[in-house]
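Residue-level structure breakdown
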Amino acid sequence: NRSDLSPSSFILASIPGLEAAHFWMAILLCSMYILTVTGNCAVLFIVKTEPSLHAPMYFFLCMLAAIDLALSTSTVPRVLSFYWFNTREISFGACLVQMFLIHTLSAIESTVLLAMAVDRYVAICHPLRHAAILTNAVTVKIGLVATARGVLFFLPLPLLLLPLPFCSSRVLSHSFCLHQDVMNLACANTTPSVVYGLTAILLVMGLDAILICLSYILILKAVLRLALWKERLKVFSTCVAHICVVLAFYVPLIGLSVVHRFGKDLAPLVHITMGNVYILVPAVLNPIIYGVRTKQIQRRILNLFHIYND
């Protein structure tokens, strides 16, 4: 009997006492989702139509935009359906697919952020070799490797949960499916799933974070060797946008991990808020950060507005 092995569906979390505010929470999430779609589509359009932006750094930015679009689209419409129409149930299969997409896309984004850090290192420390090392073909290969890495490392997560029996409780602590959340509802030994999940996180996000820090240590050493402070600031300013994007990705990720590990007694509002921040905030901020910090993108946006105003 399949009901002895897994539930037919899970129940998405709601905030006790705030059910009446679901409509307004959905309006906020919908607004952030519209900003995400608009901002990231604008980045993709601008880079595609502006030949001067056909360079590795901007191709990586396009990868980030595509990932953010996919990640937000795999979660937000379902959350909005829950808040607006009270459709709290999500099928077991759909939950596993959503979980796989969230973790895989996050892993791909982490790898792309590492590639962008390497791009900044080569551009600053070996500027004469930058064009030869990071060609467009190499950039495409990095994108393919990032995708394969994410899929291979995180495909086993839902597969490890498939054979587990689940207890009577089917209520998740988020309004979408995460591996740790679903795993906690199993009433069997989850050690293999715990060990593999932790190993995958450390070998992907953890290793990427260490290598990004190492890249910036080498960049700082190169910058400090410059004679004038004005030159140092000018060179390092090319890294500011990437540093902000890295923080926008890793801070919510670490916060969500801490909440799962140590925040079992916290109010449901904390879990739901941290989950939504993890999914939406980086996707909203990334195009804004690069739009503010990149003159070529600023100029292209202003040109577009000028065309439409005319």
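The structure we're discussing is the one just above.
Below or above, wherever it landed, is the structure these notes cover.

Conventions used here
Residues numbered from 1 in each chain as written. Predicted model: local features only at pLDDT ≥ 70, side-chain atom pairs only at ≥ 80, totals over all residues. Heavy atoms only, no water. Patch = residues over 30% accessible without salt bridge, like charges linked within 9 Å, V, L, I, M, F, W, Y side chains within 5 Å. Areas by Shrake-Rupley, 256 points an atom, 1.4 Å probe, with all protein chains shown as cover. Salt bridge = Lys/Arg side-chain N within 4 Å of Asp/Glu carboxyl O. Helix = DSSP H or I, 4+ residues; strand = E, 2+ residues; numbered from the N terminus. Disulfide = S-S within 2.5 Å. Buried < 20%, exposed > 50% of the residue type's maximum accessible area, 1.4 Å probe, protein only. Core = buried A, V, L, I, M, F, W, Y, C linked by side-chain atoms within 4.5 Å. Contact = heavy atoms within 4.5 Å.

**Here we look at a nonpolar patch on the surface**
Nonpolar side chains collect at one region of the surface, where Phe23, Trp24, Ile27, Trp84 and Phe85 lie side by side and expose about 580 Å² of accessible area between them. Listed by contribution, the elements that provide at least two residues to the nonpolar patch are helix H1 (22-49) and helix H3 (76-85). Ranked by residue count, the leading element in the nonpolar patch is H1, at 3 residues. Tracing the sequence through the fold places Phe85 in helix H3.

**A short note on the state of the cysteines**
Enumeration over the complete set of coordinates arrives at 1 disulfide. Between the sulfur atoms of Cys95 and its disulfide mate Cys177 the distance is 2.0 Å. Across the S-S bond of Cys95 and Cys177 the torsion is about -120°, and the bridge reads as left-handed. Linking Cys95 in helix H4 (residues 92-125) with Cys177 in the loop between helix H7 (156-161) and helix H8 (179-183), this pair joins segments that are 82 residues apart in sequence. Neither residue differs from the other here; Cys95 and Cys177 are each classed as buried. Left unpaired, Cys213 is separated from the closest cysteine sulfur, that of Cys239, by 13 Å. Owing to a relative accessible area of 48%, Cys213 belongs among the partly exposed residues under this scheme.

**Quick notes on the pattern of salt bridges**
Under the definition given, this model contains 2 salt bridges. Between Arg120 and Asp119 there is a salt bridge, with the nearest N and O atoms lying 3.0 Å from each other. Residue Arg120 shares its accessibility class with Asp119, and that shared class is buried. A salt bridge links Arg149 to Asp208; its shortest N-O distance comes to 3.0 Å. Of this pair, Arg149 sits in helix H6 (residues 136-154) while Asp208 sits in helix H9 (residues 191-224), placing them 59 residues apart in sequence. We classify Arg149 as buried; its relative accessible area is 17%. Residue classification places Asp208 among the buried positions, given a relative accessible area of 1%.

**Overview of the nonpolar core**
With 80 residues, the main nonpolar core has Phe10, Val112, Leu113 and Val182 as its most contacted residues. For this core, the element with the highest residue contribution is H4, accounting for 15 residues. Sequence-distant contacts of Val182, that is, excluding residues within four places in its chain, are made with Phe10, Cys95, Met99, Leu161, Phe166, Leu172 and Cys177.

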